[in-house]
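# Summary of the model geometry
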Amino acid sequence: MPAQHKAAIAALFTEAITPLLADSALPVPAITLERPRDASHGDIACNIAMQLAKPLKKNPRELAQAIVDAVMNNPARVGLVEALEIAGPGFINLRVALATKQAVVKRVLADAACYGKTNDGAGHKVLVEFVSANPTGPLHVGHGRQGALGDAMSALLEAQGYAVLREFYYNDAGVQIATLAASVQARGQGKKPGDSDWPESAYNGDYIADIAADFLAKKTTSAANGEPVTASGDINDIESIRRFAVTYLRHEQDLDLQAFGVRFDNYYLESSLYTEGKVASAVAALTAAGKTYEQDGALWLRSTDYGDDKDRVMRKSDGSFTYFVPDVAYHITKWQRGYEKVINVQGSDHHGTIARVRAGLQAVGMDIPQDYPDYVLHKMVTVMKDGEEVKISKRAGSYVTLRDLIEWSAGDAVDADGQRDLTRGRDAVRFFLISRKADTEFVFDVDLALAQSDENPVYYVQYAHARICSVLAQWGGDEASLKEVDLAPLVAPREASLLAKLAEYPEALKKAMEELGPHQIAFYLRDLAGELHSYYNAERVLVDDAALKMARLCLLLATRQVLKNGLELIGVSAPARM
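Residues numbered from 1 in each chain as written. Predicted model: local features only at pLDDT ≥ 70, side-chain atom pairs only at ≥ 80, totals over all residues. Heavy atoms only, no water.

With that out of the way, let us pick up the side chain of His465. Assignment of secondary structure puts His465 in helix 16 (residues 457-475). Residue class for His465 comes out buried when judged on its relative accessible area of 5%. If we skip the residues at most four places from it in the chain, His465 touches Arg560, Leu563, Lys564, Ala574, Pro575 and Ala576. (Helix = DSSP H or I, 4+ residues; strand = E, 2+ residues; numbered from the N terminus. Buried < 20%, exposed > 50% of the residue type's maximum accessible area, 1.4 Å probe, protein only. Contact = heavy atoms within 4.5 Å.)

What follows is the structure, given as structure tokens:
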């Protein structure tokens, strides 16, 4: 139900109960309106009579009757409330007037792409960090889940008026980067996986050979937010190899993200935390605050002071920092950049770092809240293809890449120029990867993603949009003229269900944003598509009755708009034909 109608109904109840509280010291309570579990009971349920019965020492059903009488006698309820009924021990079930239900269509068409959006978050900044893959190989399916979740969460926040910064944090320092450089060097020296002198910890994917070949050819590569890097070609120059390999893989990840339809506003390099002295500054601040101590040649953080199960080593005896220290320094920069709300979308294997990072942020003495940042941790994705689990790909050597998943799910589609069209694959992967709560494991079935049937959820939703486009094309009239159509003929039960589902969209967006649960949008879209398909199968749209036909076309136009809005929010296309 549109917010303004819900507020108007709440006001009717408030006006009804105010006289009943006149002889008591009770304040006028807020009115809670909920949707009944059983739709046959009405459109809205209110338990205010049961809430007030005990403090007023009155029978709840008698109190409910007094409230019902007051609401029904209020002239303001005409055209808004059709009927009120008392159920059970004192619940009040309400049926909304048909004209009020129909009004959602005009609201959708008036707001168009803005329907469901608000400015509630205006003036507030949010930083959403996601993907943040080490530049040591192609993006894997776990990164894909992060990409889909993080991008959809960002869009949900933007839909409520927040200023969102999408950030990618590159872990371009540490042991893994050294291993990458050594792997490329070994390939450039003619070694390969399986040879007796191949480094045991080296990366084995074919991409390592590609990097080595381009390095020896002295090629130039570049990545987002970075300067171009030209290879020296000297296989003994390990620093040149490191710079080239990191930039090469950052570029490859840029291409993967582009194919996935995910963009970032900023890229932050871990290495910059060292070169700009931010790690050293964070350690100095923690030491100055008395939150560190020396033991066994190492520097420790008193993280148990902040709820951690044990104190943590910050600087090891060899002088190197443990991996959570740059994370603390990085999050200090987020706070200093004015982001009082930060959301990190990461794999569930990061669970152990949460307590120590938050402990470091509280200990640094900058009044950073103890629950900063927010974490959304996702579980692993299992890929099934041809009825079997897929564990590795030739490209990566040890895991299924995001690019593999997109290409497999795209089928054999080509674009107008005869080139491989990955749109279908991107749509399927993005929809599938947000269709479950982040903290649940997910099985991605490539065969299902390719299926053109109701069993495939993204196909089911997109087909609803295409089906409406087909009906409107068959009609052939001016869609703009439908905005002024009289909606009074929309009285069929399936029409009422579809109208109610359209009205739920703004509330669905807000709830999904508050709970950081973009899966709720996928659920909503499947439900809306189901209502559309049921309506289409139950009622003819292009009937002889001109008034009814135009009203039904108007309803379809509004439904198409909401389907398009929801799909766009999660980064999925809304095709006109399937």
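Another point: the packing of aromatic side chains. Taken as a whole and judged by the stated rule, the model has 18 aromatic pairs. Ring plane angle 35° and centroid distance 4.6 Å describe the contact between Phe130 and Phe264, whose orientation is recorded as tilted. Of the two residues, Phe130 is situated in the loop between strand 5 (125-129) and helix 5 (141-159) and Phe264 in the loop between helix 8 (238-260) and strand 9 (266-269); the sequence distance between them amounts to 134 residues. Phe130 sits in the buried class, given a relative accessible area of 0%. What makes Phe264 buried here is its relative accessible area of 10%. With a centroid separation of 5.8 Å and an interplanar angle of 15°, the aromatic rings of Tyr170 and Tyr267 are classed as stacked. Placement of Tyr170 in strand 6 (residues 163-170) and of Tyr267 in strand 9 is noted, with a sequence separation of 97 residues between them. The exposure classification of Tyr170 matches that of Tyr267, with both residues buried. In this structure an aromatic cluster arises from ring pairing among Phe130, Phe168, Tyr170, Phe264 and Tyr267. (Phe/Tyr/Trp six-rings, centres within 6.5 Å; stacked < 30°, edge-to-face > 60°.)

It is worth spelling out the pattern of salt bridges at this point. Note that side chains of opposite charge can pair when their charged atoms are close. Throughout the structure, instances matching the rule amount to 30 salt bridges. The partner of Glu158 in a salt bridge is Arg166, with the nearest N and O atoms 2.9 Å apart. The salt bridge partner of Asp214 is Lys219, with a shortest N-O separation of 3.4 Å. On the basis of relative accessible area, Lys219 is assigned to the partly exposed category, the value being 43%. (Salt bridge = Lys/Arg side-chain N within 4 Å of Asp/Glu carboxyl O.)

Looking now at the sheet that holds strand 12 (residues 312-315). Reading across from one edge, 10-11-12 is the order of the three strands in this open sheet, with antiparallel pairing throughout. Both outer strands of the open sheet, strand 10 (292-295) and strand 12, are each paired with one neighbouring strand and no more. In this sheet, neighbouring strand axes are inclined to one another by 45° on average, regardless of whether the strands run parallel or antiparallel. Alignment of strand 10 against strand 11 (residues 298-301), held across four bridges, turns out to be antiparallel. Opposite Glu294, over in strand 11, you have Leu299 as the bridge partner. (Pairing = 2+ DSSP bridges. Axes fitted to C-alpha atoms, helices over the stretch in contact; angles between N-to-C directions.)

This next bit is on the sheet that holds strand 4 (residues 91-96). Spatial ordering of the open sheet is given by 1-2-4-3, a layout of four strands whose pairing is antiparallel. In this open sheet, the two strands that pair with only one neighbour each are strand 1 (33-34) and strand 3 (81-87). Seen against the sheet, helix 3 (residues 60-72) touches strand 3 and strand 4 and runs at an angle of roughly 175° to strand 3.

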